[in-house]
Amino acid sequence: MSIESVRAFFAEKAPDIAVIESTMSSATVILAAEAYSVEPARIAKTLSLRVGDRVVLIVAAGTSRMDNKKVKAAFGVKPKMLGLEEVAEITGHEVGGVCPFGLKTPLPVYCDVSLKAFDVVVPAAGSTHSAVRITPSRMAELTAAEWVDVCEHKP
């Protein structure tokens, strides 16, 4: 189970961070904000993209939207979203629970600067009913993420 790989990731790399579970679905930004009692922008959504021959993850604030021109400028090619089955197969996480932790396949992780507006963000934790509370800088550190500016930022 994907949530187990996320638990194992934190047990090894950051035992002070606990996976939290909700009886409510957190499969979308709006549902997650409700489930974890935060504003939607604090939900750190993970986008799974193909850029050229690579698959990358971009983690961004919940209310931001990917800007294809910025992504193309940052990566040199137009991004393509992965299909549902491809996401689960490559990341090991189901759509709605995708996160940069406990991945089935090591992938490059990029954190959008939209996350820097918050002291704590709430990314999914491998399932549609789990998450963690983490600072953006700690998330970037734990996942060896590079900071990028690839989204339109909405409050």
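All of these numbers come straight from a predicted model, not from anything done at the bench.

**Some thoughts on the side chain of Ser 26**
Examined against the element boundaries, Ser 26 turns out to sit in the loop between strand S1 (20–21) and helix H2 (29–35). Not counting residues within four places of it along the chain, the set of residues in contact with Ser 26 comprises Leu 31, Ala 32, Ala 35, Tyr 36, Gly 96, Thr 128, His 129 and Ser 130.

**Concerning helix H3 (residues 68–75)**
Where H3 begins, the capping side chain belongs to Asp 67, and its oxygen is found 2.9 Å from the backbone nitrogen of Lys 69. Two residues or fewer past H3, Gly 76 is found with a positive phi of approximately 85°.

**Quick notes on the pattern of salt bridges**
Should the charged atoms of two oppositely charged side chains come close, the side chains can pair. Under the defined criterion, the tally for this structure stands at eight salt bridges. Residue Glu 21 pairs with Arg 7 through a salt bridge whose shortest N-O separation is 2.5 Å. In this pair, Glu 21 sits in strand S1 while Arg 7 sits in helix H1 (residues 2–13), placing the two residues 14 residues apart along the sequence. We classify Glu 21 as exposed; its relative accessible area is 53%. In this structure Arg 7 comes out as partly exposed when scored by relative accessible area, which is 29%. A salt bridge links Glu 39 to Arg 42, with the nearest nitrogen and oxygen atoms 3.3 Å apart. Looking at Glu 39, the relative accessible area reads 39%, which means it is partly exposed. Put simply, Glu 4, Arg 7 and Glu 21 are held in one network by salt bridges that share partners.

Cut-offs and rules
The residue count restarts for each chain, going from 1 along the sequence in the order it is written. Totals for whole chains, interfaces and linings use all residues, but because this is a predicted model, local features are given only for residues with pLDDT of at least 70 and pairs of side-chain atoms are given and counted only at 80 or more. Computation of side-chain values covers all heavy atoms of the structure but excludes hydrogens and water. Counting from the N terminus, the helices are DSSP H or I runs at least four residues long and the strands are E runs at least two residues long. What makes two residues a contact is simply this: any of their non-hydrogen atoms within 4.5 Å. A 3.5 Å cut-off defines polar contacts: any pair of N or O atoms within that distance qualifies, except that in protein one atom must be a possible hydrogen donor and the other a possible acceptor, and neighbouring residues in sequence count only when both atoms are side-chain atoms. Any Lys or Arg side-chain nitrogen found within 4 Å of a carboxyl oxygen on Asp or Glu counts as a salt bridge. Exposure categories follow from relative accessible area, calculated using a 1.4 Å probe and restricted to protein chains: below 20% of the type maximum is buried, above 50% is exposed, and the middle band is partly exposed.

Keep in mind that these numbers describe shape and distance, not what the molecule does.
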